[in-house]
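Below, each chain spelled out in residue letters.
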Amino acid sequence: MLMEAILVAIWAGICSMDDVGPQMLRRPLLTGTVAGIIMGDMVQGLAISATLELMWMGIGNVGAYSAPDIIAGSIIGVALGIASKGGIAAGIALAVPVSILCQQLLIVWRSFASFLNVWAEKSIQSGDYQGLVKVHYFSTPLWFLIRAVPCFLAIYFGGDLVSKVLEAIPASILTGMGVASKMIPAIGVCILLLMLLKGRMWFFFLLGFILTTYLKLPIIPITFIALAFAVLYDMAYTNGMNTPAPKKSKATATDTEEEYDL
């Protein structure tokens, strides 16, 4: 378990650094699946992470709001769900409280790290660019450890403890968590639909619904169809932005009268 805990902690640290950068690795479907591969059960890791992805599909940091930490929640939930052999219900039951606890930890760290902005600003104003580099050298390892350490501790010390806790939990509660894990993703989908239906993207949702419900197409053909429509939409939108608006000629009173002359 030590090697798995170290590898999962390294993966959590990489995802943590990506979270303050391009944000390409932060989704549960990727972070949890890789954690499942490290724990030796990719299928179970994919099943748990896919459920978490649906559940947390609409979650994100907006303004000063700090959302539950889906990175640590997904990694620890998948890893301990596999280690305890509790399945999807155990993964959900562990991921949700862990994400909330790590959310509070990140809030404390971000409040503490606000002094880095002062340090960087003073370095820029004084022309000390080496000091600006030191800010990055100081903050990067801390961002790596802010999720790596909790994940390591939870996985290395939590496997046996979680198994005992799960054995003490009545089967009815685990069954209820399994049912909830199937219902909660609907909330994430509804949040996404609220954003989707407010714009002009509802047509694509309608098209996907028709392809899956009535034409019974599998996900791969639908993906290629969606890609083709996305490219066409982008081309049409780009051409519309680049096309200059036609100049409107000033209509005279005579023209207006002739226009409505029946």
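Just so you know, these numbers come straight off a predicted model, no measurement behind them. (Residues numbered from 1 in each chain as written. Predicted model: local features only at pLDDT ≥ 70, side-chain atom pairs only at ≥ 80, totals over all residues. Heavy atoms only, no water.)

**Some details on a nonpolar patch on the surface**
- A cluster of nonpolar side chains, namely Met 1, Leu 2, Met 3, Ile 6, Leu 7, Ile 10, Ile 14, Leu 145, Val 149, Leu 153, Tyr 156 and Phe 157, defines an oily patch on the protein surface of about 1100 Å² accessible area.
- With 6 residues, helix H1 (residues 2–19) is the single largest residue contributor to the nonpolar patch.
- Here Met 3 lies in helix H1. (Patch = residues over 30% accessible without salt bridge, like charges linked within 9 Å, V, L, I, M, F, W, Y side chains within 5 Å. Areas by Shrake-Rupley, 256 points an atom, 1.4 Å probe, with all protein chains shown as cover. Salt bridge = Lys/Arg side-chain N within 4 Å of Asp/Glu carboxyl O. Helix = DSSP H or I, 4+ residues; strand = E, 2+ residues; numbered from the N terminus.)

**Points about the nonpolar core**
- Counting 27 residues, the largest nonpolar core has Leu 52, Trp 56, Ile 75, Cys 151 and Ile 155 as the members making the most contacts within it.
- Elements that contribute at least two residues to this core include exactly H1, helix H3 (42–55), helix H4 (70–83), helix H5 (87–112) and helix H7 (129–168).
- By residue number, the principal contributor to this core is H4, which donates 9 residues.
- Beyond its immediate stretch of four places on either side in the chain, Leu 52 contacts Pro 28, Ser 74, Ile 92 and Ala 95. (Core = buried A, V, L, I, M, F, W, Y, C linked by side-chain atoms within 4.5 Å. Buried < 20%, exposed > 50% of the residue type's maximum accessible area, 1.4 Å probe, protein only. Contact = heavy atoms within 4.5 Å.)

**Topic: the layout of surface pockets**
- Of the volumes computed, that of the largest pocket is approximately 300 Å³.
- Along the wall of the largest pocket there are 13 residues; nearest its centre are Leu 116, Asn 117, Val 135, Ser 139 and Trp 143.
- For the lining of the largest pocket, the secondary structure elements donating two or more residues are helix H6 (115–125) and H7.
- For the lining of the largest pocket, the element with the most residues is H7, which contributes 5 residues.
- Of the residues contributing to the lining of the largest pocket, the split by class is 7 nonpolar, 5 polar and 1 charged.
- Of the voids in this model, the second largest pocket is the one considered here, and its volume is about 260 Å³. (1 Å grid on protein atoms, 1.4 Å probe; cavity = no way out; pocket = protein on both sides within 12 Å on 5 of 7 lines; lining within 4 Å. Points joined across faces, edges and corners; volume = space filled by probe spheres on them. Nonpolar A, V, L, I, M, F, W, Y, C, P; charged D, E, K, R; others polar.)

**Considerations on the side chain of Thr 31**
- Note on placement: Thr 31 falls in helix H2 (residues 28–38).
- Overall, the relative accessible area of 0% leaves Thr 31 in the buried class.
- Once residues lying within four places of it in the same chain are set aside, the contact partners of Thr 31 are Trp 11, Cys 15, Leu 25, Arg 26, Ser 74 and Ile 75.

**Things to note about the side chain of Ser 74**
- Structurally, Ser 74 can be placed in helix H4.
- Ignoring sequence-local partners within four residues, the contact set of Ser 74 consists of Pro 28, Thr 31, Gly 32, Leu 52 and Trp 56.

**Looking at the packing of aromatic side chains**
- Counted under the stated rule, the structure contains 6 aromatic pairs.
- Relative to Phe 204, the ring of Phe 203 has its centre 5.8 Å away and its plane inclined at 75°; by these criteria the two rings are edge-to-face.
- With relative accessibility at 40%, the residue Phe 203 sits in the partly exposed group.
- With relative accessibility at 27%, the residue Phe 204 sits in the partly exposed group. (Phe/Tyr/Trp six-rings, centres within 6.5 Å; stacked < 30°, edge-to-face > 60°.)

Worth remembering: the numbers are spatial, not functional.
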